[in-house]
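For reference, the chains in residue letters:
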Amino acid sequence: MNPTTHPPDRRPVRDRNGAATVAPPPAGTARRRRRPTSQQWAAWAFLAPVSLYLALFYAYPLYRNLDLSLRNYTVRSFVQGDAPFTGLENYHRVFDDPAFGPALTHTVVFTAVCLAFQYVIGLALAVFFNQHFRLSATLRALFLVPWLLPLIVSASTWSWMLNSDSGVVNAALRAFGVDPVNWLTSPSWSLTSVIVANIWIGVPFNLVLLYSGLQSIPRSLYEAAALDGANAWQRFWRVTFPLLRPVSAVTLLLGLVYTLKVFDIIWIMTRGGPADSSTTFATWSYRLGFGNLLPAFGPGAAVGNLLVAAALVFGLVYLRVQRKQALS
């Protein structure tokens, strides 16, 4: 006789009152069912490198930055690790600092203006290149050059172009009979100069994302709108822009996170000056922690945490909006 495997006995069992109940499976069967399968082990194996990377390069630096902001670190205590716990004292110092108000204003203006112009210019270029004319691919590749260059090269180039004495921008102004402008050394123009440079660098990023979003919109929708008598502006406003909202939301969120932490461009071009006229939270945090003979590691970390908190808030708002759109 060939042995056969029988399913576990699940016959009804009578309790004290005579009611029929089903007997639970044997304990050994439950244990066997709880053992991870080969697919689950494979999933954990693929997840382990990502988890390790996030823990080492994201979670631990955030923890260390939070610890710095809650202690009174000096150079000696930073090396020996015996800094006393001070709670929120470093945050109070930051909020009471006279530089907090101007730095907050400059950060908001810098971020808002850069985001608006980068998105508008990037969207206009994406719609333009979506026409698929001759040399469109070549021109798109050329527009990617500012994004591919190292930030130190881009910032140094803009510093040379906006130089008060030998810059090509002032040379062009003189050719048209306009007085030269102290772009980088005037408190009235320093913030504008770094904004223009950052817009130039960020436009290709918006162009790439928005152009990829335009490629996913079916051509049949434009043909149907044209048959209904819609002109070019109506097709853009009623077809392109609504269908591009998910990609636009991701583009603006990533641009916001990137712009909040811009440091290289501002530091190379103006170092946050003159007279703190182009200081943002990013440059202020660096100057507090590393720009003085007596570094203030705690307040510098506190300013950095304010940037992290701002990015986190906008990220949560984005997730909430996306969840509402998915449920609607």
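Definitions and cut-offs
- Residues numbered from 1 in each chain as written.
- Predicted model: local features only at pLDDT ≥ 70, side-chain atom pairs only at ≥ 80, totals over all residues.
- Heavy atoms only, no water.
- Helix = DSSP H or I, 4+ residues; strand = E, 2+ residues; numbered from the N terminus.
- Buried < 20%, exposed > 50% of the residue type's maximum accessible area, 1.4 Å probe, protein only.
- Contact = heavy atoms within 4.5 Å.
- Areas by Shrake-Rupley, 256 points an atom, 1.4 Å probe, with all protein chains shown as cover.
- 1 Å grid on protein atoms, 1.4 Å probe; cavity = no way out; pocket = protein on both sides within 12 Å on 5 of 7 lines; lining within 4 Å.
- Points joined across faces, edges and corners; volume = space filled by probe spheres on them.
- Nonpolar A, V, L, I, M, F, W, Y, C, P; charged D, E, K, R; others polar.
- Polar contact = N/O pair within 3.5 Å; in protein donor to acceptor, adjacent residues only side chain to side chain.
- Core = buried A, V, L, I, M, F, W, Y, C linked by side-chain atoms within 4.5 Å.
- Arc of directions from axis to C-beta.
- Axes fitted to C-alpha atoms, helices over the stretch in contact; angles between N-to-C directions.
- Parallel < 35°, antiparallel > 145°, perpendicular 65-115°, else oblique.
- Left-handed = near helix turned anticlockwise from the far one by under 90°.
- Phe/Tyr/Trp six-rings, centres within 6.5 Å; stacked < 30°, edge-to-face > 60°.

K.L.:
When you look at the overall build of the chain in this model, what are you seeing that I'm missing?
P.N.:
Counting its secondary structure elements, the chain contains 16 helices and two strands. The proportion of buried residues among the 328 residues of the chain is 33%. For the chain, contacts bridging at least 24 residues in sequence account for 62% of all contacts bridging at least 6. In the structure as shown, the chain presents an accessible area of about 21,100 Å², 66% of it carried by carbon and sulfur atoms.

K.L.:
Is there a simple way to explain the layout of surface pockets in this structure?
P.N.:
By rolling a water-sized probe across the atoms, one finds the places where empty space is left. Estimated volume of the largest pocket: approximately 750 Å³. As for the largest pocket, its lining consists of 26 residues, of which Asn-65, Ser-285, Gly-304, Asn-305 and Val-308 are closest to the centre. At the level of secondary structure, the elements contributing two or more residues to the lining of the largest pocket comprise α2 (38–69), α13 (245–260), α15 (281–290) and α16 (297–327). Partitioned by chemical class, the residues of the lining of the largest pocket number 19 nonpolar, six polar and one charged.

K.L.:
I would appreciate a short explanation of the side chain of Ser-193 in the present structure.
P.N.:
With respect to the secondary-structure elements, Ser-193 resides in helix α10 (residues 190–215). Separated by 2.9 Å, the side chain of Ser-193 and the backbone oxygen of Trp-189 make a polar contact. In contact with Ser-193, other than residues within four places in its own chain, are Leu-162, Trp-183, Leu-184 and Met-269.

K.L.:
Would you mind going over the nonpolar core with me for this structure?
P.N.:
Note that soluble globular proteins tend to have their nonpolar side chains buried in a common cluster. Core analysis: the biggest nonpolar cluster contains 35 residues, and Phe-110 and Met-269 have the highest contact counts within it. Only α5 (100–129), α8 (151–161), α10, α11 (219–227), α12 (232–243) and α14 (264–269) provide two or more residues apiece to this core. Looking at this core element by element, the count peaks at 11 residues for α10. Setting aside residues up to four positions removed in sequence, Met-269 forms contacts with Ala-155, Trp-158, Ser-159, Leu-162, Leu-184, Ser-193, Val-194 and Ala-197. Judged by nonpolar contacts, the second largest core, of 16 residues, contains Tyr-91, Phe-100, Ala-282 and Val-303.

K.L.:
I keep staring at α8 and nothing clicks. Help me out?
P.N.:
Think of an α-helix as 3.6 residues a turn; residues three or four steps apart then line up on the same face. Inspection of α8 places Ser-154, Ala-155, Trp-158 and Ser-159 among the buried residues, and these make up the whole buried set. Buried residues in α8, looked at end-on, bunch into an arc of 135°, giving them a common side. On the buried face of α8, the contacting elements are α7 (145–148), α10 and α14.

K.L.:
I'm lost on the packing of α11 against α12 in this one. Help?
P.N.:
It is the contact of α11 with α12, at a shortest axis distance of 10 Å, that shows an interaxial angle of 155°. Put simply, α11 runs roughly antiparallel to α12. Relative to α12, α11 is oriented so that their crossing is right-handed. Contacts between α11 and α12 pair Leu-221, Tyr-222, Ala-225 and Ala-226 from the former with Arg-235, Val-239, Thr-240 and Leu-243 from the latter. Tallied by class, residues from the contact of α11 with α12 come to six nonpolar, one polar and one charged.

K.L.:
What is the right way to look at the side chain of Ser-77 in this model?
P.N.:
Structurally, Ser-77 is set in helix α3 (residues 75–80). Its relative accessible area of 3% is what places Ser-77 among the buried residues. A polar atom in the side chain of Ser-77 sits 2.6 Å from the backbone nitrogen of Thr-74. Those residues in contact with Ser-77 that lie beyond four places of it in its chain are Asn-72, Asp-82 and Ala-83.

K.L.:
Before we go on, may I ask you to explain unusual backbone geometry in this structure?
P.N.:
Comment: phi is negative for the bulk of residues other than glycine, and the bulk of peptide bonds are trans. In the segment running from Gly-273 into Pro-274, the intervening peptide bond is cis, with an omega of -5°. Mapped onto the secondary structure, Pro-274 falls in the loop between α14 and α15. Despite not being glycine, Leu-135 shows a phi value in the positive range, around 70°. Here Leu-135 lies in the loop between α5 and α6 (136–143). Its relative accessible area of 56% is what places Leu-135 among the exposed residues. Phi is positive for Ala-275, close to 55°, though the residue is something other than glycine. Relative to the helices and strands, Ala-275 resides in the loop between α14 and α15.

K.L.:
Just checking my understanding: could you explain the packing of aromatic side chains for this structure?
P.N.:
Each aromatic ring pair is summarised here by two numbers: the centre-to-centre distance and the angle between the ring planes. Inspection of every chain in the model, using the stated rule, returns 21 aromatic pairs. Consider the rings of Trp-147 and Phe-205, whose centres lie 5.6 Å apart with planes at 65°: the pair is edge-to-face. You can see Trp-147 sitting in helix α7 and its partner Phe-205 sitting in helix α10, a full 58 residues away along the chain. Given the relative accessible area of 39%, Trp-147 is considered partly exposed. Ring centres of Phe-281 and Trp-284 lie 6.2 Å apart, and the angle between their planes is 35°; on these two criteria the pair is classed as tilted. Of this pair, Phe-281 and Trp-284 both sit in helix α15, separated by three residues, roughly a single helical turn. The same class applies to Phe-281 as to Trp-284, namely buried. Members of the aromatic cluster, connected to one another through ring pairs, are Phe-263, Trp-267, Tyr-286, Phe-290 and Phe-297.

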